[in-house]
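An overview of the molecular structure
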Amino acid sequence: MTANELPIGVFDSGVGGLTVAAALLEHLPAESILYLGDTARLPYGTKSPETVARYTRRNLDFLLGRGVKAVVVACNTASALALDRIEASVPVWGVVEPGASAAARVARGPIGVLATESTIRSGAYEAAIRRRRGDLEVIPQACPLFVPLVEEGWADDPITEEIARRYLEPLLDRGAEALVLGCTHYPVLKPVLQRVAGDAVSLVDSAETVAALVAVELAAAGLLRVTAPGGPRVELCVTDAGERFQRIADQILRDGAPPLEWVEV
């Protein structure tokens, strides 16, 4: 198998990173995906930087051991806290920089950043946005309940909308014109977040922005797979199996999700 034919590795702490996998398949329909959901150690958003870095290194080693040509760190917390601590023999992308770049392009006024507690504490999005647009106000908002709500499959529940309203109202009151979905679980909540924020507020999806970047940079590196006889293949590995993951994966991956493979990393 040539390097071009190898899959793209993607990992997240849970099922949310499948929003990145779905975006990659949309932008790169010939590519295959090897996905790792570290469900046994979910969530990353409340862990220390040292712990997140250790988990990230193990996940990367697992994907490289299975044979991938590139890796997308689909976890915002790992992208913010661990990306600069790891080295790899293949291209590696996080989701913070592409998301910050997109937010800086679309916003004319304050930008709200919705993320996990660890990502907010890191200040990664604030720093990345201000490097591009020092004139913009950045308003961080930790949303610790969003990940468990997505993992529970409650994206359309009235409770979720009420919690979203509590998180978003302080940002909207300060005039936020764009909201960065700073966790790959959060695109699952797009409909409810848009209802609460209103149509005048732009939602910046880091899954879409990183997928577009990967498409450009794989092509530039000569690693793009142009054709895939039989279509792309998706493999789903988890560190703790569960029906909940499978159910949500079926919703995110439009053609349905394959059976889960339970692995240790």
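Structure: see above.
Residues numbered from 1 in each chain as written. Predicted model: local features only at pLDDT ≥ 70, side-chain atom pairs only at ≥ 80, totals over all residues. Heavy atoms only, no water.

Along its length, the protein carries eleven helices and ten strands. Expected size for 265 residues packed as a compact globule is a radius of gyration near 18 Å; at 17 Å, the protein falls within 12% of this value. Seen through its C-alpha atoms, the protein measures out along the principal axes to roughly 55 × 40 × 35 Å. Relative to its full complement of 265 residues, the protein shows a buried share of 55%. Long-range pairs, those at least 24 residues apart, make up 75% of the contacts in the protein between residues at least 6 apart in sequence. Carbon and sulfur atoms provide 50% of the accessible area of the protein, an area that totals close to 11,300 Å². Across the protein, 25 positive and 34 negative side-chain charges occur, with their mean positions spaced 4 Å apart. (Helix = DSSP H or I, 4+ residues; strand = E, 2+ residues; numbered from the N terminus. Rg over C-alpha atoms; globule rule 2.2 N^0.38 Å. Buried < 20%, exposed > 50% of the residue type's maximum accessible area, 1.4 Å probe, protein only. Contact = heavy atoms within 4.5 Å. Areas by Shrake-Rupley, 256 points an atom, 1.4 Å probe, with all protein chains shown as cover. Lys, Arg positive; Asp, Glu negative; His and termini not counted. Charge placed at Lys NZ, Arg CZ, Asp CG, Glu CD.)

Glancing now at the packing of helix α4 (residues 96-106) against helix α10 (residues 206-220). For the pair α4 and α10, the least separation of the axes is 8 Å and the interaxial angle reads 105°. Here α10 runs roughly perpendicular to α4, going by the angle between their axes. Note on element contacts: α10 touches α4 through S206, T209, V210 and L213, opposite P98, G99 and A102. Of the residues in the contact of α4 with α10, the class split is four nonpolar, three polar and no charged. (Axes fitted to C-alpha atoms, helices over the stretch in contact; angles between N-to-C directions. Parallel < 35°, antiparallel > 145°, perpendicular 65-115°, else oblique. Nonpolar A, V, L, I, M, F, W, Y, C, P; charged D, E, K, R; others polar.)

Let us now look at the layout of surface pockets. One way to see where empty space is left: roll a probe the size of a water molecule over the atoms. Empty space within the largest pocket amounts to approximately 620 Å³. Lining the largest pocket are 22 residues, and of these A22, A23, I252, L253 and R254 sit closest to its centre. Elements represented by at least two residues in the lining of the largest pocket include exactly α1 (18-27), α10 and α11 (243-252). Sorting elements by how many residues they give to the lining of the largest pocket places α1 first, with five residues. A breakdown of the residues in the lining of the largest pocket according to their chemical character gives twelve nonpolar, three polar and seven charged. Every residue lining the second largest pocket is counted, 14 residues in all, and those nearest its centre are G94, V96, E97, P98 and L213. At the level of secondary structure, the elements contributing two or more residues to the lining of the second largest pocket comprise α3 (76-81), α4 and α10. Looking at which element gives the most residues to the lining of the second largest pocket, the answer is α4, with four residues. When grouped by side-chain class, the residues that make up the lining of the second largest pocket number eight nonpolar, three polar and three charged. (1 Å grid on protein atoms, 1.4 Å probe; cavity = no way out; pocket = protein on both sides within 12 Å on 5 of 7 lines; lining within 4 Å. Points joined across faces, edges and corners; volume = space filled by probe spheres on them.)

On to the packing of aromatic side chains, then. A complete count under the given rule lists four aromatic pairs for this structure. When the ring of F146 is compared with that of Y167, the centres are 5.1 Å apart and the planes differ by 85°; the resulting orientation is edge-to-face. Residue F146 is found in helix α7 (residues 146-152), and its partner Y167 is found in helix α8 (residues 158-173); the two are separated by 21 residues along the sequence. Both residues of the pair, F146 and Y167, belong to the buried class. (Phe/Tyr/Trp six-rings, centres within 6.5 Å; stacked < 30°, edge-to-face > 60°.)

In sheet architecture, strand pairing relies on hydrogen bonds along the backbone and comes in two forms, parallel and antiparallel. Strand order in this open sheet of six strands is β4-β3-β1-β2-β9-β10, and the pairing throughout is parallel. Two strands close off the open sheet at either side, each with one partner strand: β4 (92-93) and β10 (260-262). As judged from the three bridges shared by strand β9 (residues 234-238) and β10, these two strands associate in the parallel manner. Following the sheet pairing, L236 is matched in β10 by L260. Contacts from α1 reach β1 (8-12), β2 (33-37), β3 (70-73) and β9, with the element oriented near 170° to β2. (Pairing = 2+ DSSP bridges.)

No statement about biological role is implied by the geometric values presented.
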